[in-house]
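Structural characterization, general
Spelled out, the chains give:
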Amino acid sequence: MMLDSLFVPGSILWLARHQIRLSWRLGRLGKKIPSWIKPVFTILFVGLLSFSMGYGVAKIFEAAAGDYKQLSSLAGAVILTLMISGISMNLMGSFMTITEKGDLDLLLSSPIPPHRFVAARLISSAWRGFCIYAGFATIFFGASIVMISPMFASIYVVVAGFAILDAAITYMIARQALLWFGLRNGRRATIALGAIGVMIGLVGYQMVSSTGSLGRLAADTEHPNASLIQVHDVIVSLTSNFSWLGGTILGDWLGALAFLVAGGVVSALVLNFAGKRYDQDVAFLNGQNDHAPHKIRKAHPQQFRRPALVMVFHKEWLSMTRDPLFVSQLIVPLFTMVPFLGFVWNAVSNPNEQSEMAPIMGAMFAAITVFNVTMLTSSLAWLTASVEEARDLLQASPLDPKIILQGKVLAASGPAILELVLVAALVAWAWPLAALTLLIMGMATCAGACVIEFSRPRPTKRPKMTQRPDRSLVTVLFGLGLGILWACAAGLAAAKILWWLLPAALAITISYIAWATRPRDLSSIPVSQPLVAVSVGSPGGPWQRVDQT
Amino acid sequence: MSTHPLPALEIKSLTKRFGAKTAVSDFNLTLAPGSFYGLLGANGAGKTTTMRMIAGLLQADEGSICVFGHDVGKDPRAVKSITAWLPDEPLLYDKLTPLEYLEFIAGLWSVEGSVAEKRAEELLRWMDLWEERDKRCETFSRGMKQKTALAGALLHDPKLLLLDEPFSGLDAAVARQVKELLVEKTKEGATIVLTTHVMEIAERLAERVGIFHRGRLLADGSLADLRAQAGQAEGSLEDIFIQLVDDASVGSPA
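Here goes a summary of the coordinates provided. (Residues numbered from 1 in each chain as written. Chains lettered and ligands numbered in written order. Predicted model: local features only at pLDDT ≥ 70, side-chain atom pairs only at ≥ 80, totals over all residues. Heavy atoms only, no water.)

1. Considering the overall build of chain A
For chain A, the count of helices and strands is 23 helices and zero strands. Looking at the 549 residues of chain A, the share that counts as buried comes to 48%. At a minimum sequence separation of 6, the contacts of chain A that also span at least 24 residues come to 82%. (Helix = DSSP H or I, 4+ residues; strand = E, 2+ residues; numbered from the N terminus. Buried < 20%, exposed > 50% of the residue type's maximum accessible area, 1.4 Å probe, protein only. Contact = heavy atoms within 4.5 Å.)

2. Some points on the overall build of chain B
Secondary structure assignment for chain B yields nine helices and ten strands. Restricting to contacts in chain B with at least 6 residues of sequence separation, those with at least 24 account for 68%. Surface summary for chain B: the accessible area is close to 10500 Å², and the carbon and sulfur share equals 49%. (Areas by Shrake-Rupley, 256 points an atom, 1.4 Å probe, with all protein chains shown as cover.)

3. Details of the pairing of strand 4 (residues 62-67) of chain B
Residues and elements named next belong to chain B. Across five bridges, strand 1 (residues 9-18) lies against strand 4 in antiparallel orientation. In the sheet register, K12 faces strand 4, and the bridge partner there is S64. Hairpin connection of strand 4 to strand 5 (residues 70-71): two residues between the antiparallel strands, including F68 at a positive phi of 50 degrees. (Pairing = 2+ DSSP bridges.)

4. What to know about the packing of aromatic side chains
Two numbers describe a pair of aromatic rings. These are the distance of the centres and the angle of the planes. Enumeration according to the criterion identifies eight aromatic pairs over all chains in this entry. Here Y133(A) and F162(A) contribute two aromatic rings whose centre-to-centre distance is 5.1 Å and whose plane-to-plane angle is 50 degrees, an arrangement assigned as tilted. Remark: F162(A) occurs in helix 7 (residues 154-209) and Y133(A) occurs in helix 6 (residues 114-147); sequence separation between them is 29 residues. The exposure class assigned to F162(A) is buried, which follows from its relative accessible area of 5%. Ring geometry for F27(B) and F212(B): centres 5.0 Å apart, planes at 80 degrees, overall edge-to-face. Highlighted residues: F27(B) in strand 2 (residues 21-31) and F212(B) in strand 9 (residues 208-213), separated in sequence by 185 residues. Considered together, F27(B) and F212(B) belong to a single accessibility category, that of buried residues. Here the guanidinium or amino end of K159(B) rests over the ring plane of F68(B), the centre of that ring lying 4.6 Å away. (Phe/Tyr/Trp six-rings, centres within 6.5 Å; stacked < 30°, edge-to-face > 60°. Lys NZ or Arg CZ within 6 Å of the ring centre and 35° of its normal.)

5. A look at the interface of chain B and chain A
Tallying the contact residues gives 47 residues for chain B and 43 residues for chain A. A buried area of about 4300 Å², summed over both sides, lies between chain B and chain A, and 62% of it is on carbon and sulfur atoms. Considering only the side of chain B, the residues that lose the most area to chain A are Y93(B), K95(B) and E103(B), jointly responsible for 16% of the buried surface there. Viewed at the interface, chain A and chain B are joined by two salt bridges. Close ionic contact of R77(B) with D400(A) constitutes a salt bridge, the shortest N to O distance being 3.8 Å. At the junction of chain B with chain A, the criterion picks out six residue pairs in polar contact (both at pLDDT 80 or more). Among the secondary structure elements, those contributing two or more residues to the side of chain B that touches chain A are helix 1 (47-54), helix 2 (76-81), helix 3 (98-108) and helix 4 (113-126) of chain B. In terms of residue count, the dominant contributor to the side of chain B that touches chain A is helix 3 of chain B (ten residues). Broken down by class, the residue content of the side of chain B that touches chain A amounts to 20 nonpolar, ten polar and 17 charged. (Buried area = accessible area lost by both parts, 1.4 Å probe. Salt bridge = Lys/Arg side-chain N within 4 Å of Asp/Glu carboxyl O. Polar contact = N/O pair within 3.5 Å; in protein donor to acceptor, adjacent residues only side chain to side chain. Nonpolar A, V, L, I, M, F, W, Y, C, P; charged D, E, K, R; others polar.)

6. Here we look at the environment of R305(A)
With respect to the secondary-structure elements, R305(A) resides in the loop between helix 12 (278-286) and helix 13 (308-321). Here R305(A) falls in the partly exposed class, since its relative accessible area comes to 44%. Contact partners of R305(A), with chain neighbours within four places excluded, come to E112(B), G113(B), S114(B) and E117(B).

7. Considerations on unusual backbone geometry
All names here are of chain B. Within the chain, D26 stands out as a residue other than glycine whose phi angle is a positive 50 degrees. The phi angle at R214 is positive, at roughly 50 degrees, despite the residue not being glycine. With respect to the helices and strands, R214 occurs in the loop between strand 9 and strand 10 (216-221).

8. Considering the sheet that holds strand 6 (residues 83-86) of chain B
Residues and elements named next belong to chain B. Read across the sheet, six strands follow the order 6-7-8-3-9-10 without closing on themselves; strand pairing throughout is mixed. One side of each edge strand has no neighbouring strand; the edge strands of this open sheet are strand 6 and strand 10. Put simply, the sheet's adjacent strands are angled 15 degrees from each other on average, direction ignored. Looking at chain direction, strand 3 (residues 36-41) and strand 9 are connected through five bridges and run parallel. By the bridge assignment, G41 is partnered in strand 9 with F212. Running over the sheet, helix 5 (residues 142-154) touches strand 6 and strand 7 (160-164) and is turned about 165 degrees from strand 6. Each of strand 9 and strand 10 touches helix 8 (residues 223-230); the most contacted strand, strand 10, lies at about 125 degrees to it. (Axes fitted to C-alpha atoms, helices over the stretch in contact; angles between N-to-C directions.)

Here you go:
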């Protein structure tokens, strides 16, 4: 009864609930997962993450108990980088929310005042942000349990305040981008801005979180390194400015509440400003043309004469590269390697100052590169295997399915192989063993990722792919496991530790299991066979999935 | 030299089941080259399933399908190389332009480069899409997408065209153009099997019509034949269809 009175039809909360329900359904991973798996998996995953990382935080805190200032500085800087990443990621989501025309006509044709839709969208966006940030905050929840102290509880107030603030700020930025640049260029602008923000956040996080190791490197008594000492000092002096921010998650309840108040005030201002103009904004949006500028190209007869394999590769390549959001999502994680390139540059420019930790840095770099390559290949392989818009067309053509498969695998693994070759060439001088290792293991993980993704295609439509990761949970987990194992193998091999054979063997086993347990329908025609089971059994709709027939 | 040319399409005892449900049951059909066959039926009657089996997208549980003498089950590639399949939902790539789409189709069907290039231009011009050839398909209206898909289906000059609701989304002028094109194709020897819910289209275009109901072929023949089967001296195809389906529904389980 109480809840019913809150969600009165037509009210802001009722609309927000509708919005949240829609986005929740869009973001669901897979469909045919038994109902008990998700909660059990979530509890186990969150519990493990919370405890393991929380334990580390608790230990750090205990060790630095006497130096609250240093700890709060570090925590503040870490939180700041996470906030920058969070706002940047949400920026893309906010633009999509604002420009999604799907139900606008329906909503605005109703007698509900338009500002309520803005409020509902802000609440929905804030809720989404809260769920993500609260996930990160479980680390501190774990630390609270380990330390048997409610000290970190204030982080949840910060998370709530920041989620509200984030929703309001990104809404305004996305709105202005739409009004200033129009639909097409506005989308590009927010994607670019978001990608830059995420990149800054990622690199900043790495720099801040590696302050300790930087200090050890810099203070290496045998080979003191002037450049690293400089970098270390700059980071330390920068982080000292954010102790107030760190304090909010370390029990400074007043600071945490200030976050909540700031979020509420900014949201109210945004709602007051944008709510009054919402119908004008929608009218502007409806008048926008999303068409690309019309450029007439000259006919290229040779393009009709390319071999079929090249045609398939070309089609996949165009489809991928013409989706800026997807491309940005692929490229941004690669920036995790940027700080390492600083060390490479340092090693190359100061060969006499090589630290004893250089081989360890090389090993870490090899591991991170291999992990990134796995994720990149997995994403592209999923895209080429599952997001096939004209599966029937391929199936109806007389072309050998093997050629189609080869073209798709080439498109999926090509960018990763290119990245591997470039990165290996870049670091070969500084870390030759690491370069060789990442090249070999990177190729292996590319093959493994393709095997996993092509063994379980999940037909989905391109327009929904960035909003709805309709991937098989098995492939997601297998892909993650593959990346971690090959990364471990690469790291150990680059450090000349023979134990690399163990994770490598496990990674190969994972790929083999994925292929051996693939659905039987895929055995004869790897690419197009699913179609056989896809459309039938559902005379009304040609695009039902295999598991729905 | 045989005096009896190979039938364009020969279907014998075709049956397809999905679990307990029989989608197509004991379907027989023979079409001569140059035929225009209309397949009618309510939603879920089994038309699309039949078309997909002919196109080699779906295996039959029983029976056989031969296209110009090639068995779909035994030699699917030979069948596919002379067949075009156009489903009701256009098979397009949103991120490609119409010209790139046709280049891709040419690759799939191994159409010789110079021929494909010439034909692609002709088809795009004919469909009024030449000026739009460098716009991505994602920006197209439903009708433009349908026209692009139709151009793709015609690019390799198929001998058998399987068209599932090809007129949905087309404006009146383009629909007329397409109708004329299809008739022209049959005169050139191509065989067309078309499904539609619009009875007037089937009545006007098809020389022979089959009525499907719950996986079974209720009636088959020219309009005159169907009238005779329905016991109607006059009446439109719509009247005949409704009467035959109603008659079949009475006494048969739902």
